Amino acid sequence: MGGCHCGQIRYEVTGEIRDRVLCHCTLCRRTAGAPAVAWFTVSLPGFRFVQGQPTTYRSSDVATRQFCAVCGTQLTFQHDDRRYEIDITTASLDDPDAAAPLVDFHADTRLKSP
Ligand SMILES: [Zn+2]
Ligand SMILES: [Zn+2]
């Protein structure tokens, strides 16, 4: 189980948690206002919203992200070519330790001091 910060949106994960990454890409950074975003992936149907409806944002030509419209928590990422699975923000889990990131993704764009 997980959800946004304000509690209006809640979700349930029943699928196997895999692909635990910490993403340093510029799109994740900008959409979260954070230096990196941790994600995990589940195959669908292994994820569903059980309370509230997120706002959908088209973050690029090929992918969509979902947020809570009230508090701004980013919740999901879905690529158009991978409709059979969805990425979920690790830190929106009630127990994020259970899916802590194991590898860095897009480490080439990791923030670094000049
Ligand atoms: Zn919220
Ligand atoms: Zn990213």
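Note that the coordinates shown come from a computational prediction; the quantities given were computed from them, not determined experimentally.

Cut-offs used in this document
Residues numbered from 1 in each chain as written. Chains lettered and ligands numbered in written order. Predicted model: local features only at pLDDT ≥ 70, side-chain atom pairs only at ≥ 80, totals over all residues. Helix = DSSP H or I, 4+ residues; strand = E, 2+ residues; numbered from the N terminus. Rg over C-alpha atoms; globule rule 2.2 N^0.38 Å. Buried ≥ 20, exposed ≤ 12 C-beta atoms within 10 Å, placed from the backbone. Pairing = 2+ DSSP bridges. Axes fitted to C-alpha atoms, helices over the stretch in contact; angles between N-to-C directions. Core = buried A, V, L, I, M, F, W, Y, C linked by C-beta atoms within 7 Å. Contact = placed C-beta atoms within 7 Å.

1. Things to note about the overall build of the chain
At step 1: Each helix and strand in the chain was counted, giving one helix and ten strands.
At step 2: Its helices and strands taken in sequence order, the chain reads β-β-β-α-β-β-β-β-β-β-β from the N to the C terminus.
At step 3: Expected size for 114 residues packed as a compact globule is a radius of gyration near 13 Å; at 13 Å, the chain falls within 12% of this value.
At step 4: Taken along the three principal axes of its C-alpha coordinates, the chain extends 45 × 30 × 30 Å.
At step 5: Going through the 114 residues of the chain one by one, you find that 28% of them count as buried.

2. Things to note about the sheet that holds strand 6 (residues 55-60)
At step 1: The strand order 6-7-8-9-4-3-10 describes an open sheet built from seven strands, whose pairing is mixed. Each edge of the open sheet carries a strand with a single partner, namely strand 6 and strand 10 (103-105). Put simply, the sheet's adjacent strands are angled 30° from each other on average, direction ignored.

3. Looking at the pairing of strand 6
At step 1: Note: strand 6 against strand 7 (residues 63-67), five bridges, orientation antiparallel. From the neighbouring strand, Thr55 faces strand 7, where its bridge partner is Phe67.
At step 2: Two successive antiparallel strands, strand 6 and strand 7, enclose a turn made up of two residues.

4. Regarding the nonpolar core
At step 1: Within the largest apolar cluster, 21 residues are counted, with the highest numbers of intra-cluster contacts made by Cys23, Val37, Trp39, Leu75 and Ile88.
At step 2: Secondary structure elements with two or more residues in this core: strand 3 (18-23), strand 4 (37-43), strand 8 (74-79) and strand 9 (85-89).
At step 3: Residue contributions to this core peak at four residues, all from strand 4.
At step 4: Excluding residues within four positions of it along the chain, Ile88 makes contact with Val13, Trp39, Phe40, Val42, Phe47, Leu75 and Thr76.

5. A look at unusual backbone geometry
At step 1: For the peptide bond that leads from Leu44 to Pro45, omega is 0°, which places it in the cis range.
At step 2: Structurally, Pro45 is set in the loop between strand 4 and strand 5 (47-51).
At step 3: Even without a glycine there, the phi angle at Asp19 is positive, about 50°.
At step 4: Looking at the secondary structure, you find Asp19 in strand 3.
At step 5: Since 15 C-beta atoms lie within 10 Å of it, Asp19 is described here as partly exposed.
At step 6: Here His106, not a glycine, exhibits a phi torsion of approximately 55°, which is positive.
At step 7: Structurally, the position occupied by His106 is in the segment after strand 10.

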